[in-house]
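The primary structure of each chain is shown beneath.
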Amino acid sequence: MKHGSPIKNINMKPIYKFNSGNGAMLCNSCSVIISTGKKTSALLCSKCLKTYIYEYPLKYEEGFTGKELSELLTKLLIVKEKFFENLGVHTGMVIEGNSITYHTDVFTATKMCYEDRDSMYWWEFD
Ligand SMILES: [Zn+2]
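The structure presented is a predicted model; accordingly, all values stated were derived computationally and were not measured.

Peer 1: Sorry, what's going on with the sheet that holds strand 3 (residues 33-36) here?
Peer 2: Remark on secondary structure: sheet strands pair via backbone hydrogen bonds, oriented parallel or antiparallel. One open sheet holds the three strands; their spatial order is 1-2-3, and the pairing between them is antiparallel. Strands at the two margins of the open sheet, each flanked by one partner only, are strand 1 (15-19) and strand 3. When the angles between neighbouring strand axes are averaged without regard to direction, this sheet yields 35°.

Structure (structure tokens):
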């Protein structure tokens, strides 16, 4: 089974489980522990999140239109304001009047939302 792919059309909910007194967030797709401690809105581990984003059905293979991005964020339970804050200034392109956001930028910004980080680690810059 490929990470992330079978769950495309299912409405995901955060999975929070207790294990010997410690709470943990589990991935909706592969059930690995995403984080321990406090409850978050994270639905997928970063591997499954990556597959989910890269295999998301899109009009243009280059990346996400604004509408697709907005649908994706709703499915992933990500607050739009936070996402765009994390996305920051990024490169993109315009196809037939649609501004396109690349998969890599979408993945980095959604991952940051799930991990609740304010800035990128150095290895995430390309
Ligand atoms: Zn997973």
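Now that the structure has been shown, we can carry on.
Peer 1: Hey, could you run me through the sheet that holds strand 6 (residues 98-102) in this one?
Peer 2: With antiparallel pairing, the three strands of this open sheet are ordered in space as 4-6-5. Strands at the two margins of the open sheet, each flanked by one partner only, are strand 4 (63-64) and strand 5 (92-95). Sheet topology note: the strand 4/strand 6 ladder contains two bridges and is antiparallel. Residue pairing in the sheet places Phe 64 in a bridge with Thr 101 of strand 6. Across the sheet, helix 4 (residues 103-115) lies against strand 4 and strand 6, angled at about 65° from strand 6, the strand it touches most.

Peer 1: Would you explain the confidence of the model for the chain in this entry?
Peer 2: On average, residues of the chain score 86 in pLDDT, and 84% of them are at 70 or above. Taken element by element, the chain is modelled with least confidence in strand 1, mean pLDDT 89, and with most confidence in strand 4, mean pLDDT 97.

Conventions used here
- Residues numbered from 1 in each chain as written.
- Predicted model: local features only at pLDDT ≥ 70, side-chain atom pairs only at ≥ 80, totals over all residues.
- Pairing = 2+ DSSP bridges.
- Helix = DSSP H or I, 4+ residues; strand = E, 2+ residues; numbered from the N terminus.
- Axes fitted to C-alpha atoms, helices over the stretch in contact; angles between N-to-C directions.
- Contact = placed C-beta atoms within 7 Å.
- pLDDT = per-residue confidence, 0-100.

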